[in-house]
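Single-letter residue listing:
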Amino acid sequence: MDNERGTVRSARAGVTNAPPDRARLPRSRRPVGEPADPGSSSPWILMYHSVAVEEEDPYQLTVSPERFAEQIAWLHKRGRRGVSVRELMRARAHGRDDKLVGLTFDDGYADFARYAVPILQAYGFTATAYVVADLLGQDNGWDTEGPRKKLLTVEEVAELAVAGWEIGSHGLGHRALPGLAADDLAVQTRESRRLLEEVVGGPVTGFCYPYGAVDAPAALAVRDAGYDYACAIAHSPLTGRFALPRCYVGDRDGAWRLRAKKGRHRLRDAVTELRRRRGTRAERAVTERRS
Ligand SMILES: [Zn+2]
């Protein structure tokens, strides 16, 4: 894996405009807010939670199987292939991601295997499931108001991984990371990874922040735990490889709403990049004034 990552890293350095000094920096010393690919927009990644028939859905986490099938068919018709974020980031490193879209499923609901997988398989798509490492086989007790939903079991997670679905970490106990002490951040990121690697029998390289909540210490903890990337939700000053923005998809999202959401993602990318550049210029001005 390390060799493989090394190849990807050098390939990326070869195909982008990254300044040479930065491109040579080992990933562990790179700033966490580094764009997923310097100088370009962030990849398009959709965020799902549960695919099921649900009467009550106060957190709007559920998409019906029929609606989900429509959304996947729409992506397919538009010439896009849905892939795991692991595959998306690898393709991106070689500049081959323009027809791809990342598909992510947070929390590791058992309905992923039951409803989402067969639909995705029908189109040859893949996806990433971010599971809560210490709650496998239990339920979403953290959503106090919502209906109880069963989570994938250890066996199901292991089977999905063998079948090629990416399993990523969603931490331990579904706790938000911002505000946690450094020790707790290390446990959330390292221990969840260790547990999942035992289950899947291979490397776990993706992390997804519970509630999409991320701050600089959380992003650093994820990077230092050895992950290759992490998913957030919103665009922010941390947007980059360790805080990839994602597009929420709900049960109301038909074709035109999905198209609008894609446009909004691009717009937010542009605004984030502009702010980043403006911030860098302001920092430089302050440094020059001081020296
Ligand atoms: Zn979650």
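Our structure's up above, just so we're on the same page.
We now turn to the structure provided with this report.

What counts and how
Residues numbered from 1 in each chain as written. Predicted model: local features only at pLDDT ≥ 70, side-chain atom pairs only at ≥ 80, totals over all residues. Heavy atoms only, no water. Helix = DSSP H or I, 4+ residues; strand = E, 2+ residues; numbered from the N terminus. Buried < 20%, exposed > 50% of the residue type's maximum accessible area, 1.4 Å probe, protein only. Donors = N, O, S within 2.8 Å, 3.2 Å for Na, K, Ca; no water. Core = buried A, V, L, I, M, F, W, Y, C linked by side-chain atoms within 4.5 Å. Contact = heavy atoms within 4.5 Å. Pairing = 2+ DSSP bridges. Expected span 1.5 Å × (residues − 1). Polar contact = N/O pair within 3.5 Å; in protein donor to acceptor, adjacent residues only side chain to side chain. Salt bridge = Lys/Arg side-chain N within 4 Å of Asp/Glu carboxyl O. Disulfide = S-S within 2.5 Å.

### Notes on the overall build of the chain
Counting its secondary structure elements, the chain contains 9 helices and 10 strands. Counting over 291 residues, the chain shows a buried share of 49%.

### What to know about the coordination of the zinc ion
Protein coordination of the zinc ion is provided by Asp107 (OD), His170 (NE2) and His174 (NE2), with donor distances spanning 2.0 to 2.2 Å. Every donor residue of the zinc ion comes from the same chain, spaced as D-x62-H-x3-H. Placement of the pair is Asp107 in strand E5 (residues 100-107) and His170 in the loop between strand E7 (166-169) and helix H7 (182-200), with a sequence separation of 63 residues.

### What about the nonpolar core?
Formed by 51 residues in total, the largest nonpolar core has its most connected members in Phe68, Leu103, Phe105, Phe112, Leu120 and Tyr209. For this core, the secondary structure elements donating two or more residues are strand E1 (45-48), helix H3 (65-77), E5, helix H5 (111-122), strand E6 (128-131), helix H6 (154-162), H7 and helix H8 (216-224). Among the elements that line this core, the one with the most residues is H5, at 5 residues. Beyond its immediate chain neighbours, meaning those up to four positions away, Tyr209 contacts His170, Leu177, Val214, Ala218, Ala219, Val222, Ala230, Cys231, Ala232, Phe242 and Ala243. Within the second largest apolar cluster, 12 residues are counted, among which are Ile45, Met89, Leu100 and Leu244.

### Remarks on the side chain of Thr272
The residue Thr272 is located in helix H9 (residues 255-290) in this model. Contact partners of Thr272, with chain neighbours within four places excluded, come to His235, Ser236 and Thr239.

### Focus: the pairing of E1
Across a regular strand the side chains alternate sides, sitting on one face of the sheet and then on the other. Of the two faces of E1, the one carrying Ile45 and Met47 and the one carrying Leu46 and Tyr48 are both buried. Of the strand pairs in this sheet, E1 and E5 are connected by 4 bridges, and their pairing is parallel. Across the sheet, Tyr48 pairs through a bridge with Phe105, a residue of E5. The sheet contact formed by E1 and strand E10 (residues 247-248) spans 2 bridges and is parallel. By the bridge assignment for E10, Met47 is matched with Tyr248.

### So, H3
Taking 1.5 Å per residue as the helical rise, H3 with its 13 residues ought to reach 18 Å, and the 18 Å between its terminal C-alpha atoms agrees with that figure. Of the residues trailing H3, Gly79 is marked for its positive phi of about 85 degrees.

### Re the environment of Thr104
Structurally, the position occupied by Thr104 is in strand E5. Classification of Thr104 by relative accessible area gives buried; the value is 0%. In sequence terms Thr104 and Ala129 are 25 residues apart; their C-alpha atoms lie 6.0 Å from each other. Within polar-contact distance, the side chain of Thr104 engages the backbone oxygen of Leu46 at 2.7 Å.

### A short note on the pattern of salt bridges
Inspection of the entire model under this criterion finds 15 salt bridges. Across the pair Arg277 and Glu273 runs a salt bridge whose closest N-O atoms are separated by 3.6 Å. Residue Arg277 and its partner Glu273 are both found in helix H9; the two are separated by 4 residues, about one turn of the helix. Because the salt bridges share partners, they merge into one network encompassing Glu191, Arg194 and Glu198.

### Section: the state of the cysteines
Within this structure, the stated rule accounts for 0 disulfides. Cys208 takes part in no disulfide bond, and the closest cysteine sulfur to it belongs to Cys231, at a distance of 5.6 Å.

### Considerations on H8
Burial in H8 covers these residues: Ala218, Ala219, Ala221, Val222 and Arg223. On the buried face of H8, the contacting elements are H7, strand E8 (206-208) and strand E9 (229-231). Sitting at the amino-terminal end of H8 is Asp215, which places a side-chain oxygen 3.1 Å from the backbone nitrogen of Ala218. Phi turns positive one or two residues past the end of H8, at Gly226, with a value near 95 degrees.

### As for unusual backbone geometry
With a phi angle near 50 degrees, Gln60 is a residue other than glycine that sits in the positive phi range. Topologically, Gln60 is positioned in the loop between strand E2 (50-51) and strand E3 (62-63). For His174, which is not glycine, the phi torsion reads 50 degrees and is therefore positive. By secondary structure assignment, the location of His174 is in the loop between E7 and H7.

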